[in-house]
Amino acid sequence: MTVLIDPPLVPSRGRMWSHLASDTSYDELHAFAGALGVPPRAFERDHYDVPAELYDAAVAAGALPVSSRVLVRRLIDSGLRRRKRTQPRG
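Scoring rules and cut-offs
Residues numbered from 1 in each chain as written. Predicted model: local features only at pLDDT ≥ 70, side-chain atom pairs only at ≥ 80, totals over all residues. Heavy atoms only, no water. Phe/Tyr/Trp six-rings, centres within 6.5 Å; stacked < 30°, edge-to-face > 60°. Core = buried A, V, L, I, M, F, W, Y, C linked by side-chain atoms within 4.5 Å. Buried < 20%, exposed > 50% of the residue type's maximum accessible area, 1.4 Å probe, protein only. Helix = DSSP H or I, 4+ residues; strand = E, 2+ residues; numbered from the N terminus. Contact = heavy atoms within 4.5 Å. Salt bridge = Lys/Arg side-chain N within 4 Å of Asp/Glu carboxyl O. Pairing = 2+ DSSP bridges.

(A) Summary view of the packing of aromatic side chains. If you walk through the whole model with that rule in mind, you get 2 aromatic pairs. Put simply, the rings of Tyr26, Phe43 and Tyr48 pair up and form one aromatic cluster.

(B) Region of interest: the nonpolar core. With 14 residues, the main nonpolar core has Leu20, Phe32, Val38, Tyr48 and Ala63 as its most contacted residues. At the level of elements, β1 (3-5), α1 (26-36), β5 (47-51) and α2 (55-60) are the ones that each hand at least two residues to this core. If you tally residues by element for this core, the top one is α1, at 4 residues. Aside from chain neighbours lying at most four places away, what touches Val38 is Ala33, Tyr48, Asp49, Val50 and Leu54. Counting residues in each nonpolar core, the second largest holds 5 residues, with Leu4, Val66, Leu71 and Leu75 among its members.

(C) Structural context of the pattern of salt bridges. Scanning all chains against the criterion turns up 4 salt bridges. A salt bridge links Glu53 to Arg15; its shortest N-O distance comes to 2.6 Å. Of this pair, Glu53 sits in the loop between β5 and α2 while Arg15 sits in strand β3 (residues 15-22), and the two are 38 residues apart along the sequence. Under the relative-accessibility criterion, Glu53 is labelled exposed at 52%. Residue classification places Arg15 among the partly exposed positions, given a relative accessible area of 37%.

(D) Geometry of the pairing of β5. β5 sits mainly inside the fold: 5 of its 5 residues count as buried. Strand direction decides the pairing type here: strand β4 (residues 43-44) and β5, joined by 2 bridges, are antiparallel. In the strand pairing of β5, Phe43 is matched with Tyr48. Here β4 hands over to β5 after 2 residues, with Arg45 in that stretch at a positive phi of 60°.

Structure below.
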(Lines give C-alpha, C1' and ligand atoms only; values in the text may rest on other atoms or scores of the structure.)
Protein backbone atom coordinates (compact mmCIF):
# COMPACT_ATOMS: atom_id res chain seq x y z
CA MET A 1 0.00 0.00 0.00
CA THR A 2 1.40 3.35 -1.02
CA VAL A 3 -0.67 6.47 -0.67
CA LEU A 4 1.26 9.64 -1.46
CA ILE A 5 0.65 13.25 -0.50
CA ASP A 6 2.46 16.35 -1.72
CA PRO A 7 2.88 19.56 0.29
CA PRO A 8 -0.07 21.99 0.43
CA LEU A 9 1.30 24.46 -2.12
CA VAL A 10 -1.67 25.01 -4.45
CA PRO A 11 -3.81 28.06 -3.61
CA SER A 12 -7.51 27.90 -4.47
CA ARG A 13 -10.73 29.17 -2.93
CA GLY A 14 -8.89 30.93 -0.11
CA ARG A 15 -7.03 27.80 1.05
CA MET A 16 -3.89 25.84 0.30
CA TRP A 17 -4.25 22.33 -1.15
CA SER A 18 -2.31 19.07 -1.41
CA HIS A 19 -2.83 16.15 -3.77
CA LEU A 20 -3.47 12.66 -2.40
CA ALA A 21 -2.77 9.75 -4.76
CA SER A 22 -1.99 6.05 -4.80
CA ASP A 23 0.58 4.35 -7.00
CA THR A 24 -1.11 1.01 -6.30
CA SER A 25 -4.86 1.31 -6.97
CA TYR A 26 -7.80 3.67 -7.04
CA ASP A 27 -9.65 1.40 -4.58
CA GLU A 28 -6.86 1.92 -2.05
CA LEU A 29 -6.96 5.67 -2.67
CA HIS A 30 -10.74 5.94 -2.27
CA ALA A 31 -10.65 3.91 0.98
CA PHE A 32 -7.84 6.04 2.42
CA ALA A 33 -9.52 9.32 1.46
CA GLY A 34 -12.85 8.14 2.87
CA ALA A 35 -11.23 7.21 6.19
CA LEU A 36 -9.77 10.75 6.34
CA GLY A 37 -13.20 12.25 5.72
CA VAL A 38 -12.32 13.61 2.28
CA PRO A 39 -15.56 13.83 0.27
CA PRO A 40 -15.87 11.95 -3.04
CA ARG A 41 -16.34 15.26 -4.89
CA ALA A 42 -12.67 16.05 -4.12
CA PHE A 43 -11.55 13.26 -6.50
CA GLU A 44 -10.21 14.58 -9.81
CA ARG A 45 -9.16 12.04 -12.47
CA ASP A 46 -6.36 10.33 -10.49
CA HIS A 47 -6.03 12.16 -7.18
CA TYR A 48 -7.90 13.89 -4.39
CA ASP A 49 -7.53 17.57 -3.65
CA VAL A 50 -6.95 17.75 0.11
CA PRO A 51 -6.98 20.98 2.14
CA ALA A 52 -3.86 21.87 4.11
CA GLU A 53 -5.79 21.27 7.34
CA LEU A 54 -5.82 17.52 6.57
CA TYR A 55 -2.17 17.19 5.55
CA ASP A 56 -0.86 16.18 9.00
CA ALA A 57 -3.75 13.75 9.52
CA ALA A 58 -3.04 12.12 6.16
CA VAL A 59 0.64 11.66 7.04
CA ALA A 60 -0.28 10.33 10.50
CA ALA A 61 -2.63 7.83 8.84
CA GLY A 62 0.19 6.53 6.67
CA ALA A 63 0.40 8.72 3.57
CA LEU A 64 3.98 9.13 2.36
CA PRO A 65 4.98 12.80 2.02
CA VAL A 66 6.63 13.43 -1.35
CA SER A 67 7.19 16.36 -3.67
CA SER A 68 4.64 17.13 -6.37
CA ARG A 69 7.15 16.01 -8.99
CA VAL A 70 7.64 12.64 -7.29
CA LEU A 71 3.87 12.16 -6.89
CA VAL A 72 3.28 12.69 -10.62
CA ARG A 73 6.23 10.49 -11.59
CA ARG A 74 4.95 7.65 -9.38
CA LEU A 75 1.47 7.96 -10.93
CA ILE A 76 2.93 7.83 -14.43
CA ASP A 77 5.21 4.88 -13.63
CA SER A 78 2.31 2.94 -12.08
CA GLY A 79 0.05 3.49 -15.10
CA LEU A 80 -2.57 5.24 -12.94
CA ARG A 81 -2.01 8.79 -14.27
CA ARG A 82 -5.07 10.23 -16.03
CA ARG A 83 -4.18 13.41 -17.83
CA LYS A 84 -6.61 16.24 -18.52
CA ARG A 85 -8.17 16.05 -21.94
CA THR A 86 -7.55 19.06 -24.05
CA GLN A 87 -10.41 20.61 -25.95
CA PRO A 88 -9.98 20.75 -29.73
CA ARG A 89 -9.47 24.23 -31.09
CA GLY A 90 -12.03 25.44 -33.47
